[in-house]
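Observations on the model geometry
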Amino acid sequence: MRLPEEYKCKMMNLLGSEYDAYEASLSEPLNHCLRVNTLKISVEDFLEISPFELEQVPWCDNAFYYDAEKFSPSKHPYYYAGLYYLQEASATLPAATLPVEEGDIILDMCAAPGGKTTELAARLKGTGLIVSNDVSASRLKALQKNVEAFGIENAVITCETPDRLAEHFGGYFDKILIDAPCSGEGMFRKSTSMVTAWEQNGNEKFAAIQRSIIKEAVKLLRPGGMLLYSTCTFDLREDEEQVQYILSLNDNLELKPIKMHEGFVPGYNGMERSVHLFPHKVHGEGHYVALLGNKADTDISEDTHNTSPNSSAAGKAYNKSLAFPDSINEFMKFVNWDTDRINRITLNNNKLFLMPEFIPDTKGLRTMRTGVYLGEVKKNRFEPSQSFAMILNDKTYLNCLNLSPEGSAVFRYLRGETLDLDYISSDEILSFNGTSDSSELKDGLVLIMVSGFPLGFAKNRNGQLKNKYLPGWRMMS
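In this report, we go over the structure that sits alongside the text. From a predicted model like this one, the values you see are computed outputs, not experimental measurements. (Residues numbered from 1 in each chain as written. Predicted model: local features only at pLDDT ≥ 70, side-chain atom pairs only at ≥ 80, totals over all residues. Heavy atoms only, no water.)

A few points about the packing of aromatic side chains
Following the criterion strictly, the structure yields 24 aromatic pairs and no others. Where Phe334 meets Tyr397, the ring centres are 5.8 Å apart and the plane angle is 35°; that geometry is what we call tilted. Placement of Phe334 in the loop between α13 (326-332) and α14 (339-343) and of Tyr397 in the loop between α15 (386-389) and β20 (400-403) is noted, with a sequence separation of 63 residues between them. Judged on exposure class, the residue Phe334 and its partner Tyr397 are both buried. Among the aromatic residues, those joined into a cluster by ring pairs are Phe331, Phe334, Trp337, Phe382, Phe388, Tyr397 and Phe457. Between Lys205 and the ring centre of Phe206, over which it is positioned, the NZ or CZ distance is 5.8 Å. (Phe/Tyr/Trp six-rings, centres within 6.5 Å; stacked < 30°, edge-to-face > 60°. Helix = DSSP H or I, 4+ residues; strand = E, 2+ residues; numbered from the N terminus. Buried < 20%, exposed > 50% of the residue type's maximum accessible area, 1.4 Å probe, protein only. Lys NZ or Arg CZ within 6 Å of the ring centre and 35° of its normal.)

Description of the state of the cysteines
Taken as a whole and judged by the stated rule, the model has zero disulfides. The thiol of Cys232 is not disulfide-bonded; the next cysteine sulfur, from Cys182, is found 3.3 Å away. Judged by relative accessible area, Cys232 falls into the buried class, the value being 19%. (Disulfide = S-S within 2.5 Å.)

Looking at the environment of Gly263
Checked against the element boundaries, Gly263 lands in the loop between β10 (253-256) and β11 (265-266). Separated by 18 residues in sequence, Gly263 and Lys281 have C-alpha atoms that sit 4.7 Å apart. For Gly263, the contacting residues outside a window of four places in its chain are His276, Lys281 and Val282. (Contact = heavy atoms within 4.5 Å.)

Description of helix α8 (residues 162-169)
Because the α-helix completes a turn every 3.6 residues, residues three or four places apart line up on one side. Those residues of α8 that fall on the buried side of the exposure criterion are Pro162, Leu165, Ala166 and Phe169. Axial view of α8: buried residues confined to an arc of 95°, hence all on one face. Those residues of α8 that are buried are in contact with β5 (105-108), β6 (129-133), β7 (155-158), β8 (173-179) and α10 (204-220). Gly170 sits one or two positions beyond α8 and adopts a positive phi of about 60°. (Arc of directions from axis to C-beta.)

Let's talk about a positive patch on the surface
A cluster of like positive charges, contributed by Lys459, Arg461, Lys466 and Lys468, occupies part of the molecular surface. Mapping Lys466 onto the fold places it in strand β25 (residues 464-467). (Patch = residues over 30% accessible without salt bridge, like charges linked within 9 Å, V, L, I, M, F, W, Y side chains within 5 Å. Areas by Shrake-Rupley, 256 points an atom, 1.4 Å probe, with all protein chains shown as cover. Salt bridge = Lys/Arg side-chain N within 4 Å of Asp/Glu carboxyl O. Lys, Arg positive; Asp, Glu negative; His and termini not counted. Charge placed at Lys NZ, Arg CZ, Asp CG, Glu CD.)

Comments concerning empty space enclosed by the protein
Over the atoms, a rolling probe the size of a water molecule traces out where space has been left empty. Evaluated as defined, the whole model comprises one cavity of 30 Å³ or more. Of the volumes computed, that of the largest cavity is approximately 30 Å³. Surrounding the largest cavity, Arg35, Gln87, Ala91, Thr92, Ala95, Gly115, Lys116 and Glu119 form its lining. Considering each element in turn, the lining of the largest cavity owes the most residues, three residues, to helix α6 (residues 115-124). (1 Å grid on protein atoms, 1.4 Å probe; cavity = no way out; pocket = protein on both sides within 12 Å on 5 of 7 lines; lining within 4 Å. Points joined across faces, edges and corners; volume = space filled by probe spheres on them.)

Brief notes about the sheet that holds strand β23 (residues 444-450)
Spatially, six strands are ordered β21-β25-β24-β23-β20-β22 in an open sheet, and the strand pairing comes out mixed. Only two strands of the sheet have a single neighbouring strand rather than two, namely β21 (419-420) and β22 (429-432). One ladder, built from four bridges, connects strand β24 (residues 453-461) with β25; its direction is antiparallel. Bridge pairing in β25 links Arg461 to Gln464. (Pairing = 2+ DSSP bridges.)

Considerations on the pairing of strand β9 (residues 221-231)
Of all the eleven residues making up β9, nine are buried; the element is thus mostly covered by neighbouring parts of the structure. Alignment of β8 against β9, held across six bridges, turns out to be parallel. Looking at β9, one finds that Lys175 is bridged to Met226. Where β9 lies against strand β13 (residues 287-294), six bridges are found, and the strand directions are antiparallel. Counterpart to Thr231 in the pairing with β13 is Tyr288.

What follows is the structure, given as structure tokens:
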């Protein structure tokens, strides 16, 4: 691989006698990794049904290497069911390192395309709240899709600058993750275009961007909270020097130790508690991670979380018999949810939402998503959303067709085709509403599943299943 001379000199000074091994590693094949969505399935259960040969990533309990020459996880129905996320192995380290506890209020400050948010939300196990922010509206499309595919209910997605977040939220968050924009030196092997970008932009441009994010992020952290800073670059100006800058902003912040694994390299210049990952030392690309804790008094009133619904967010509360149009009430007869969930359903301008348990006041912020968009009433007809389908299963929705991942029917569904029950072989159908009796499948909207996990809706009429799978999510080949 061609490397700029300036970059080579810098890395020689940093790595010393290991530089040759580093440069040689850039010509080696990429490592490929998937991360199991533990919000939907345990690691143990996934390994039982996985069609792939997998090898554990040492620093992330639910991440696994696979051989991309033998397997294509992005083309398997389980990918469309949101059972895993395809992510470079080193990139799993930040979210795996931040110590998430159930009930935490978390900010993923530079969240797109969603690898970190989906893991943090899975570790929350449906509790607390995650605010996923990115300043780029175009990048938020991928983030929103990943949040929906993973079945995440307790997320708020915003598109704001760090200073606007700090002004609005103050010291609101228990945990903050900043996977900062950077020069991307750790991605050189993955994409040679990153080398060209490095030559054009250098390191100082990104160091300035990082400082502008950091100075606002520190204001957002609660006393007793924890902040994780990471990049996919090796430059000390973007890594260790930024951690020193964080520490200079608040005397109550301190660098916390990170669990070391084989190949991890301690940070430089007094930042030994932080960690570098180099491609010649681990099976992955480049990354840098530092964990900081706020050691200030944690005896803070819970009111500072400000999690009460405000009128603009909460809208009109759901009432099974009275509050909503008949089309919604008719559909909800198939939905078997507990009272807590039912009470968090709201209707605004004919659009139905499931709100998180904790709803921050986001008035005045550019908010792209709060909770789950469930669907919309159109011409006296309720059209449930793709995101609604992804939070259901055969226990919470009473009209389901469960397909085998090996048969052709599930692939035809994912490509947007109409299915005919008479032409689906019996070995492709795992169950109808938990039984083997096709008469159990009712007319109307059917939840199509694979191995018990939701994919989307189809409309059944006498065994003809009109496809309702979201066009933008469909399998292309």
